[in-house]
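Report on the structure
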Amino acid sequence: MSKLNITPMEEWSGAKDRPLIIAGPCSAETEEQVMAIAEQLSKQSIDYYRAGIWKPRTRPGSFEGIGEEGLRWLKNIKETYGLKVGTEVATPQHVELALKYGIDALWIGARTTVNPFSVQDIADALQGADVPVLIKNPINPDNGLWVGAIERIAAAGITKIAAIHRGYSTHEKTRFRNKPMWQLAIELKRAFPEIPIINDPSHIAGTRDLIQEVSQSAMDIGLNGLMIETHCNPDEAWSDAKQQVTPDRLQEILASLKIRNVSSDNIEFNTSLEDLREQIDAKDKEIIDVLASRMNIAKQIGEYKRENNVTTLQMNRWEYLLQDRVNKASSLDLNDDFIREVFQTIHKESIKLQNEIMNNDKVNA
Ligand code: PEP
Ligand code: MN
């Protein structure tokens, strides 16, 4: 993958050796509301004040944002409290207006990142601008779209770029509003180590009780900042009421975070780490060997099914197997969701191999 021209985050945000913090309401509602939150947040160490001016709502009829007037309020916050301000842009007109009002950072929302036409329109409008642009992951778990959006914005000459990890929409019932799927953020980091990733625990959690836990997980995998929706009166918020926290709670969450180092100079620690990693390598080799022999058995079953003209998928057997494995694993303290995902993946591969065997049958016939 080609290296992008990226200005290090510490040069544009001032966040050096610590996470970048963005806080503020989901939506700008009234001038009094945004000013009251800003007054509280100006006493804390946050890097950017956020407020949505144009709100992409899933269903029509909800509050869709205050529009251009809100940009005046953000400008006022900048002048009154010296806070840098940021908002979401989804169209070239939004970009033009935000730049006209001197908004310090723009972000592209999850519902926009999914659409390359929209991202390209935004990129075209950004040509020649020197503003940080933060790109949220798309609502579906597809790093291709995330990478594509980053590349389009970089190609427009924007160098102050960060990604925002806000989790993924899923039909499954989980504790989260948007499943974190941390692996995708880690994959993005591997592809673009130079691009900082800011975690958005608010949209992942969907409920304020989980914000601290998600923020800590983000710090534990070495993400570079947090965007936390903050409101003086969260329950009365016009959007995302359940997930917003008060400025006081924000302060508590930030103070509670344990920020870990990427590595250590402690020789004893490094030696034991090496030792444990060797054990992990050996275990992974065992897992691969077991998977290979399991797939061989699945292929043999496929042959039998073909000879006896039986379908590859037998729903009863699959339901029994999944439940049985979850039960067995749970007595060993393994998480149900984790085991379910592992066996779903294994089963998918077995079915794929057996279907290939069935197809050979058709070809040979
Ligand atoms: C938001 O930040 O308020 C927002 C709409 O987020 P997302 O695009 O992640 O849903
Ligand atoms: Mn929101």
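Please refer to the structure higher up on the page.
First things first, this report covers the structure right here in the doc. Per-chain numbering applies: the sequence of each chain, read as written, is numbered from 1 onward. Here chains are named by letter from A upward and ligands by number from 1 upward, in the order in which they appear as written. Two thresholds apply to this predicted model, a pLDDT of at least 70 for residue-level local features and 80 or more for giving and counting side-chain atom pairs, whereas whole-chain, interface and lining totals are computed over all residues. No hydrogens and no water enter the side-chain calculation; it runs on all heavy atoms of the structure.

1. A short note on the overall build of the protein
Under the convention used in this document: Going along the chain from the N terminus, every DSSP run of H or I of four or more residues is numbered as a helix, and every run of E of two or more is numbered as a strand. Between buried and exposed lies partly exposed: a residue is buried under 20% and exposed over 50% of the maximum accessible area for its type, with that area taken using a 1.4 Å probe on protein chains only. For the purpose of counting charges, residues Lys and Arg are taken to be positive, whereas Asp and Glu are taken to be negative. His and the chain ends are not included. A charge is said to be at NZ when it belongs to Lys, at CZ for Arg, at CG for Asp and at CD for Glu.
Of regular secondary structure, the protein possesses 14 helices and 8 strands. Each principal axis of the C-alpha atoms in the protein carries an extent, and together these give about 75 × 55 × 45 Å. Counting over 365 residues, the protein shows a buried share of 44%. Counting 43 positive and 53 negative side-chain charges, the protein places the centres of these two groups 3 Å from one another.

2. Quick notes on the site of ligand 1
Rule in force here: Distances are taken per atom, and a residue is near a molecule or strand as soon as one of its heavy atoms is within 4 Å of it. Pairs of N or O atoms within 3.5 Å make up the polar contacts considered here, provided that, within protein, one atom can donate a hydrogen while the other can accept it, and that residues adjacent in sequence are counted only when both atoms are side-chain atoms. Each accessible area is a Shrake-Rupley result for a 1.4 Å probe, and residues are judged covered by the shown protein chains and nothing else. Under the scheme applied, nonpolar residues are Ala, Val, Leu, Ile, Met, Phe, Trp, Tyr, Cys and Pro; charged residues are Asp, Glu, Lys and Arg; polar residues are all the others, including Gly.
Near ligand 1, the surroundings consist of Cys26, Arg50, Lys55, Glu88, Trp107, Gly109, Ala110, Arg111, Lys136, Arg166, His203 and Glu229. A distance of 2.8 Å separates an oxygen atom of ligand 1 from a polar atom in the side chain of Arg50. Isolated, ligand 1 exposes 300 Å² of accessible area, and the fraction of that covered by the protein chains is 97%. Looking at the shell around ligand 1 residue by residue, the class counts come to 3 nonpolar, 2 polar and 7 charged.

3. With respect to the pattern of salt bridges
Put simply, the rule reads: Think of a salt bridge as a Lys or Arg side-chain nitrogen and an Asp or Glu carboxyl oxygen that are within 4 Å of each other.
Scanning the model with the defined rule gives 26 salt bridges in all. Notably, a salt bridge pairs Arg18 with Asp47, separated by 2.8 Å at the nearest N-O pair. Note that Arg18 is positioned in the loop between helix H1 (9–13) and strand E1 (20–24) and Asp47 in the loop between helix H2 (31–41) and strand E2 (48–50), a separation of 29 residues in sequence. A relative accessible area of 9% places Asp47 in the buried class.

4. Description of the coordination of the manganese ion (ligand 2)
Note on metal geometry: ideal angles are 109.5 degrees for four donors arranged tetrahedrally and 90 or 180 degrees for six donors arranged octahedrally. Rule in force here: With water omitted from the atoms examined, metal sites may look incomplete; donors here are N, O and S atoms no farther than 2.8 Å from the metal, or 3.2 Å in the case of Na, K and Ca.
In this structure, Cys26 (SG), His203 (NE2), Glu229 (OE) and Asp240 (OD) serve as the protein donors to the manganese ion (ligand 2), at separations of 2.1 to 2.4 Å. Donor residues for the manganese ion (ligand 2), ordered by position in the chain, follow C-x176-H-x25-E-x10-D. Of this pair, Glu229 sits in strand E8 (residues 225–229) while Asp240 sits in the loop between E8 and helix H11 (247–256); the two residues are 11 residues apart in sequence, bridging distant segments of the chain. Take Glu229: its relative accessible area is 1%, and that puts it in the buried class. The class of Asp240 is buried, set by a relative accessible area of 18%.

5. A short note on the side chain of Asn137
Under the convention used in this document: Two residues qualify as a contact provided that any one of their heavy atoms is within 4.5 Å of a heavy atom in the partner residue.
Its location among the elements puts Asn137 in the loop between strand E5 (133–136) and helix H7 (143–155). Residue Asn137 is classed as buried on the basis of its relative accessible area of 0%. Within the local environment of Asn137, its side chain forms a polar contact with the backbone nitrogen of Arg166, the two atoms lying 2.6 Å apart. Dropping the residues within four chain positions of it, Asn137 is found in contact with Ala110, Thr113, Trp146, Ile164, His165, Arg166, Gly167 and Tyr168.

6. Section: the packing of aromatic side chains
Selection criterion: The aromatic pairing rule takes the rings of Phe, Tyr and Trp, using the six-membered ring of Trp, and pairs them if the centres are within 6.5 Å, calling planes under 30 degrees apart stacked, those over 60 edge-to-face and the rest tilted.
Applying the stated rule across the entire model yields 2 aromatic pairs. Measuring from centroid to centroid gives 4.9 Å for Phe63 and Trp238, while their planes differ by 90°, and the two rings are edge-to-face. With a gap of 175 residues between them, Phe63 in the loop between E2 and helix H3 (68–81) and Trp238 in the loop between E8 and H11 connect regions that are remote in the sequence.

7. Things to note about the nonpolar core
To keep things clear, this is the line we draw: By nonpolar core we mean a set of buried residues, namely Ala, Val, Leu, Ile, Met, Phe, Trp, Tyr and Cys, connected to one another through side-chain atoms within 4.5 Å.
Counting 69 residues, the largest nonpolar core has Tyr49, Ile77, Leu126, Ile135, Ile150, Ile153 and Ile161 as its most contacted members. It is H7 that contributes the most residues to this core, 6 residues altogether. Sequence-distant contacts of Ile161, defined by excluding residues within four places in its chain, comprise Ile6, Trp12, Val133, Ile135, Ile150, Ile153, Ala154, Ile195 and Pro196. Within the second largest apolar cluster, 13 residues are counted, among which are Met9, Ala105, Ile198 and Met227.

8. Overview of the environment of Ile346
The topology assignment puts Ile346 in helix H14 (residues 336–364). C-alpha of Ile346 to C-alpha of Met295: the two residues are 51 residues apart in sequence and 8.6 Å apart in space.

9. Notes on the sheet that holds E8
Rules: Two strands pair under a simple rule: DSSP has to find at least two bridges between them. Helix axes are fitted only over the stretch in contact, all axes being lines through C-alpha atoms; the angle between N-to-C directions runs from 0 to 180 degrees.
Around the barrel, 8 strands lie side by side as E1-E2-E3-E4-E5-E6-E7-E8; this closed barrel has parallel pairing. Between one strand axis and the next, the sheet turns by 25° as a mean value, whatever way the strands run. Relative to strand E7 (residues 197–199), strand E6 (residues 161–165) is paired through 3 bridges, and the arrangement is parallel. Paired with Ala163 across the strands is Ile197, a residue of E7.

10. So, helix H12 (residues 267–307)
Residues that lie three or four places apart on an α-helix share one face, since the helix turns once every 3.6 residues. Formally: Here the expected span of a helix is defined as 1.5 Å times the quantity of residues minus one.
If you check H12, its first and last C-alpha atoms are 60 Å apart, about what 41 residues at 1.5 Å a residue would give, namely 60 Å. Of the positions making up H12, those classed as buried are Met295, Ala298, Gly302 and Lys305. A side-chain oxygen of the first residue of H12 lies 2.9 Å from the backbone nitrogen of Glu268; this N-cap is Asn266. Positive backbone phi, approximately 55°, marks Asn309, located one or two places after H12.

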